[in-house]
Structures are given as structure tokens and as C-alpha cells.
Amino acid sequence: MGRVISSAEEYRPRPSKRGSRPRTKRRPEHEDALAGVVVSVDRGRLRVVPGRTLAEADPEAALLTCVRASGVRRRSIVPGDRVRVVGDTSGTEGTLARIVSVEERATLLRRSADDTDPTERVVVANADTLVLVTAAIDPAPSWGFLDRALVAALDAGIRPVIAVTKTDLAPAAEVRAHFSDIAAVVVECGYGSSGLPRTSALLPEIAGRETVLLGQSGVGKSTLINELVPGAGRATGAVNEVTGAGRHTSSSAWALPLPSGGWVIDTPGIRSFGLAHVVPDAVVAAFEELAPATADCPRGCTHLADAPGCALDAWVAAGHAGAAGQRRLASLRRLLANLG
Ligand SMILES: Nc1nc2c(ncn2[C@@H]2O[C@H](COP(=O)(O)OP(=O)(O)OP(=O)(O)O)[C@@H](O)[C@H]2O)c(=O)[nH]1
Ligand SMILES: [Mg+2]
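1. Thoughts on the site of ligand 1
In step 1: With respect to spatial proximity, 23 residues lie near ligand 1, and among them S217, K221, T223, T249 and G269 are the closest.
In step 2: Within the contact set of ligand 1, an oxygen atom lies 2.5 Å away from a side-chain nitrogen or oxygen of T223.
In step 3: Contact with the protein chains hides 90% of the accessible area of ligand 1, taken as 660 Å² for the molecule alone.
In step 4: For the shell around ligand 1, the residue count by class is 6 nonpolar, 13 polar and 4 charged.

Set out below in C-alpha cells:
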């Protein structure tokens, strides 16, 4: 029979090979870790503002420069992430703190490099609003890109707003038409489009919110941020006159506090917006004016152009999806074909 341990005193743990120091999962120092939110990630260096959420953070507070503790070395940490920090949390120049944990994310805007690449790139965490920035011209709007980013936002539960820049160079009519039947606000903010500051239409949409600005390179994201946040000092770059492409001026995302409350996150221009992580049903649901039609589709309908009995064509033909219905259906089918 095995030995019975009758009392605690009698029990002698065998000395462990690793030494006799008791190992606990949670080190005591983490219990008084400081709550903070990541505002930027620059390779191994992360800047963190103290506060449980951006809404609670003091925009004037000194940012902590942090590195990852070993427990979160391989975790994705992006702007907007709510974290716990230990070490020197004074924020004094030259000091370093350590991020020991990352809180669960409320929302997650993510993309893959293309539709078949399963590698996810998380863009930002916990944003409640996506301002999808497109220029009226220079560079010309990329409809596929805009639709995809919109799908990703709706899939993530993030409210989309479309901001059209460079309306001083060309009218926003085409962009408005493209989005005329979806539940996204379209605001114009080109240079001198009216006597007002060009951000006046955008501000009410983002005041007090956690907003991410997303768009292709050269559409004017950083220029907008510099006007929204005086002193932000985000670098801006001219669009190449020959190719009409932006120069990828911003290389990392950065969250900045709006003077009127709320935060905006500038992001580097991206070329493509893969949706490998999004399931087809979520894509259909994101096309709000088309989605009701699918109730009449046969079971397991792919909703592609050759799908027998797909109810989408009749729905659009009957005008239920508005003037842009035909183009939107084509856009939806393009996305679904890419996903499949
Ligand atoms: N005419 C005109 N030019 C604009 C407007 N907004 C921005 N620009 C110009 O467009 C160019 C690109 O602006 P950026 O703010 O650097 O663009 P970005 O979207 O941050 O680009 P990346 O950082 O490369 O992703 C700059 O030369 C801006 O001056 C606008 O409303 N009208
Ligand atoms: Mg930029």
C-alpha cells in the first residue's frame, strides 16, 4: 500500500531539479500592474497611455515606452489594445516598462494579405468607428478595396464612415453613388470645399469615439489627422504624378487624442484588403440592401452568378436594392468568388 500523508507537517516535497523556489503562474508583481492602452507599435517598442480604455485615458499624460514581457512575446499587440504594464511606469524619459498581459478585445479590425492567405494581420483593436478614406481622384477610388474594407468593418461590428478627400479636384458624386444604398455616412472633406474647415463634416461622426482611419496610400489620411489634431505632426507625402500612387509615407499606426474628445488612429496606406478570415454569410450580411433577398434562395445557395435559383437577381431587377443595386451585386459576387 502507498504511504498515506496524514498531516501537512509530514509532507515533504521532493526537491525539484529546477530548485526549490515555489513557482506560481501569476507573479505577485503583476497584481499591481498598471492599466494602459497601446497607442503605437514600432517594432519592439510600444507606446502606452495610462488608463483602462482610451475614453478614460488622460490625453495629456506622458506615454510609457514599453517592451513585451516574455509571456506575451509572440502575441499580436496592436494600437488600441488594452494592456497591463509593470516595471518603471513613471513615464520619465528614458525609462522602460514591460507589458505583461493583453485584455480581451471588444472589436478587431483584421485583414489578410489576400483572400487565400490565412495569415491574419490585425490592424487595430477596440475601434468603434472606421473612417474609410478615399480620394475623389489622385489616386482614383479603388471600389474593390473600399467594399472589402467595408465588409471587414461590418463583420467586426465597427461602424463605417466614408470620407472623400480631394473634392477640390473632382466631385464626390461617383463615390456617393457607389455607397448610395448602404448604411454608411459619406462625408466630403476636400481642401476648401466650403468656407468651413474641411473636417467640419467629419468631426461629428468621430467626436468621443475610437476611430481608425484606413485607406490606400496617398488618399490624405495623415493630412486629415494633422488638421483634426493640431500638433500631431504626422508626415505627409505627395502622390506620384506619373503613376498616381501614394508613397506609403506613414509606416506605422498611431493613436492621437482629438481636442474635442475621442481618439483617432492614423494607419499606413495598404494596397489590398484580404478577407480570408471572413465567412461568406458575413459578407452577404454586410450588403444590407441585398441580404433580405437571400431568404428566398435555395438552401446552400452560393449567391454566385451561376447559382441556380439565386434570388438576388430578381431582387435587384425589382429595384429593391436601389440605383446602385446592379453594381453592388456584382461587387458582392466578386467578393464571394474570391472567398470561395
Ligand atoms: N488637392 C488635395 N490634396 C490633398 C487633399 N488631402 C490630401 N492631399 C494631398 O495628398 C497627398 C497625400 O497625403 P497624405 O496625408 O500623406 O496621405 P496618406 O493617406 O497619409 O498616405 P500614406 O501615409 O502613404 O498612406 C499630400 O500631398 C497631401 O497634401 C485634398 O483634400 N485635396
Ligand atoms: Mg499617412
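2. Some remarks on the coordination of the magnesium ion (ligand 2)
In step 1: Note on the magnesium ion (ligand 2): its protein donors are S222 (OG) and S250 (OG). The metal-donor distances range over 2.1 Å. In this pair, S222 sits in helix α4 (residues 221–228) while S250 sits in the loop between α4 and β12 (254–257), placing the two residues 28 residues apart along the sequence. Across this residue pair, the class does not change: S222 and S250 are buried.

3. Concerning the pairing of strand β1 (residues 34–42)
Two faces belong to every sheet, and in a regular strand the side chains alternate between them.
In step 1: Of all 9 residues that make up β1, 7 are buried, and the element is covered over most of its length.
In step 2: Of the strand pairs in this sheet, β1 and strand β4 (residues 82–87) are connected by 4 bridges, and their pairing is antiparallel. Within β4, the position partnered with A35 by the bridge is R84.
In step 3: Here β1 runs beside strand β2 (residues 45–50); their pairing, made up of 6 bridges, is antiparallel.

4. Quick notes on the packing of aromatic side chains
In step 1: A complete count under the given rule lists 1 aromatic pair for this structure.
In step 2: Each ring, one from F145 and one from F273, has its centre 6.2 Å from the other, and the planes form 80°; the classification is edge-to-face. Of the two residues, F145 sits in helix α1 (residues 143–156) while F273 sits in the loop between β13 (263–266) and α5 (280–286), which places them 128 residues apart along the sequence. One exposure class covers both F145 and F273, and it is buried.

5. Quick word on the side chain of S112
In step 1: By the secondary structure assignment, S112 is in strand β6 (residues 108–112).
In step 2: One polar contact links the side chain of S112 to the main-chain amide nitrogen of A276, over a distance of 3.1 Å.
In step 3: Excluding residues within four positions of it along the chain, S112 makes contact with D117, T119, F273, G274, L275, A276 and H277.

6. Notes on α1
In step 1: Between its terminal C-alpha atoms α1 stretches 20 Å, which fits the 20 Å expected from 14 residues at 1.5 Å a residue.
In step 2: Counting buried positions along α1 yields 11 of 14 residues, so the element is predominantly enclosed.
In step 3: The positive-phi residue at the C-terminal boundary of α1 is G157, with phi of around 75°.

7. Topic: the confidence of the model for the chain
In step 1: Of the residues in the chain, 89% have a pLDDT of 70 or more, and the chain-wide mean is 86.
In step 2: When mean pLDDT is compared element by element in the chain, strand β8 (residues 129–135) scores highest at 97, while α5 scores lowest at 81.
In step 3: Contacts from residues 1–16, a stretch scored under 50 in pLDDT, to residues over four places away or in other chains number 3 contacts.

8. Details of unusual backbone geometry
In step 1: In this model, D138 is joined to P139 through a cis peptide bond whose omega is -5°.
In step 2: Here P139 is to be found in the loop between β8 and α1.
In step 3: Look at R43: it is not a glycine, yet its phi comes out positive at around 50°.
In step 4: Of the residues examined, R43 reaches a relative accessible area of 73% and is grouped as exposed.
In step 5: Backbone geometry places H303, a non-glycine residue, at a positive phi of 65°.
In step 6: As for its position among the elements, H303 is in the loop between α5 and α6 (312–317).

Rules behind the numbers
- Numbers given to residues run from 1 along each chain, matching the order in which its sequence is written.
- Written order determines the labels here, with chains lettered from A and ligands numbered from 1.
- Since the coordinates come from a predicted model, pLDDT governs what is reported: local features require at least 70, and pairs of side-chain atoms require 80 or more to be given and counted, while whole-chain, interface and lining totals use all residues.
- Only heavy atoms go into the side-chain values, all of them from the structure, while hydrogens and water stay out.
- Any residue with a heavy atom positioned within 4 Å of a molecule or strand is treated as near that molecule or strand.
- Whenever a nitrogen or oxygen atom comes within 3.5 Å of another N or O atom, the pair is scored as a polar contact, on the condition that within protein one atom can donate a hydrogen and the other can accept it, and that pairs from neighbouring residues in sequence are kept only if both atoms are in side chains.
- Working definition of accessibility: Shrake-Rupley area with a 1.4 Å probe, residue cover restricted to the visible protein chains.
- Gly counts as polar in this scheme, as do all residues outside two lists: the nonpolar Ala, Val, Leu, Ile, Met, Phe, Trp, Tyr, Cys and Pro, and the charged Asp, Glu, Lys and Arg.
- Any N, O or S atom lying within 2.8 Å of the metal counts as a donor, with the limit raised to 3.2 Å for Na, K and Ca; because water is left out of the atom set, some sites can appear incomplete.
- Here a strand is any run of E in DSSP of at least two residues, a helix any run of H or I of at least four, and the numbering for each starts at the N terminus.
- Each residue gets one of three labels from its accessible area relative to the maximum for its type: buried under 20%, exposed over 50%, partly exposed in between, using a 1.4 Å probe on protein chains only.
- When DSSP locates at least two bridges between a pair of strands, those strands are taken to pair.
- Planes of paired rings set the category: under 30 degrees apart is stacked, over 60 is edge-to-face and the rest tilted, where pairs are Phe, Tyr or Trp rings (Trp by its six-membered ring) whose centres lie within 6.5 Å.
- Working rule for contacts: check all heavy atoms of both residues, and any pair within 4.5 Å makes them a contact.
- Here, expected helix span is obtained from the residue count minus one, scaled by 1.5 Å.
- Every residue gets a pLDDT, meaning the predictor's confidence in that residue, from 0 to 100.

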